[in-house]
Amino acid sequence: MIRVLVTGARGQVGTEVARELQGRAKVVAHDRSTLDLELKDEIAPRVREARPDVIVNCAAFTGVDRAESEPHAARAVNAIAPGILGEEARRADALLIHFSTDYVFDGRKRAPYIEDDPTHPLGVYGRTKLEGERAVEQSGCRHLIVRTSWVYGPHGANFMLTMLRLGASREELRIVADQRGAPTSSRELARLVHRLLGNEGAEITRAKVDGVGAKSGIYHATAGGETTWFGFAEAIFAEARRRNPAMRVPRLVAIPTSEYPTAAMRPANSVLSSARLNAVFGLAIPDWREGLEEAVSALPAG
């Protein structure tokens, strides 16, 4: 079996990646308690202990607003650490799969963003994630930089869980309706990693990893379709109520971004084209509504 090192293994994507690859590879899963990417001197020793054939970096400083007041911590995790992981991947002749974000763009383009569009982050989070992409590229390792957007799932902190938590105690929720994106399930991203590395259900081989590594580059990977945060919230409650008809649903009010001020600006258009992923690997993530149905069904009953 090949060896796969997963960072951020208690986060919403890392949890699913580690679970998805169990039994198909020897998974070495690190969360922040055993590998804190903010502590750069810890990274190389942990990687060398793992002796990975593949590194899947799911760890990130994802507090978009908090990054504005903690830029050094955000840069340590999002920019410096990926570069070190890239250097260690090159040293070990390993493939690095590194997750990035739609926030590298400013959201002013009307059409879906492609990988070669000019980047222009609006805040610290996006800037540090872009620095991380460049550090991976400059490390010289074989890599797949996977930009995704609006990630949610049954684990971690995300919009879906926040809506359901707030909806249980509030009569009304005011939701931004002028930002567009494709909600992307953490479980679908984990399946994507598996499909990139090997045939579904089969043990992952070194030959397949080498073949993927020969196609290094940046790839957009989001669910099909698009919606707004308001549309996503409507779909979340509709799906939750379909599962539990007795649940109380709050009144949802659509508002513009201007009525929901935040420390960091968000891109108005977060829609990414995954055409390159499909052209190179023959892979695509299903429509976002399918991922939502699965994610809600995975939640504890009640």
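Above this text is the structure in question.
The structure reproduced in this document is the subject of the present report. Keep in mind that what you see is a predicted model, and the values were worked out from it rather than measured.

### Some remarks on the environment of W288
When you line up the elements, W288 lands in helix α11 (residues 288-297). C-alpha separation for the pair W288 and T227, spaced 61 residues apart in sequence, amounts to 9.0 Å.

### Here's the deal with the side chain of E239
Mapped onto the elements of the fold, E239 is located in helix α9 (residues 229-243). What E239 contacts, discounting residues up to four positions off in sequence, is L292, E293 and V296.

### With respect to the state of the cysteines
Under the definition given, this model contains zero disulfides. For C141, which is in no disulfide, the shortest distance to another cysteine sulfur is to C58 and amounts to 15 Å.

### Comments concerning the pairing of strand β4 (residues 95-101)
Taken across its seven residues, β4 has seven buried, putting it largely inside the fold. Where strand β3 (residues 54-57) lies against β4, four bridges are found, and the strand directions are parallel. From the neighbouring strand, I55 faces β4, where its bridge partner is L96. Note that β4 and strand β5 (residues 142-148) share seven bridges and pair parallel. Each bridged residue has a counterpart across the sheet, and for F99 the counterpart in β5 is V146.

### Focus: the nonpolar core
Generally speaking, nonpolar side chains in soluble globular proteins are found buried as a group. V17, V56, I97, L144, M160, M163 and L197 are the most contacted members of the largest nonpolar core, which has 59 residues in total. When residues of this core are assigned to their parent elements, the largest contribution, seven residues, is made by α9. I97 has contacts with V54, I55, V56, N57, L144, V146, V193 and L197, leaving out every residue within four places of it along the chain. Judged by nonpolar contacts, the second largest core, of 29 residues, contains A50, A94, V124 and C141.

Cut-offs applied
Residues numbered from 1 in each chain as written. Predicted model: local features only at pLDDT ≥ 70, side-chain atom pairs only at ≥ 80, totals over all residues. Heavy atoms only, no water. Helix = DSSP H or I, 4+ residues; strand = E, 2+ residues; numbered from the N terminus. Contact = heavy atoms within 4.5 Å. Disulfide = S-S within 2.5 Å. Buried < 20%, exposed > 50% of the residue type's maximum accessible area, 1.4 Å probe, protein only. Pairing = 2+ DSSP bridges. Core = buried A, V, L, I, M, F, W, Y, C linked by side-chain atoms within 4.5 Å.

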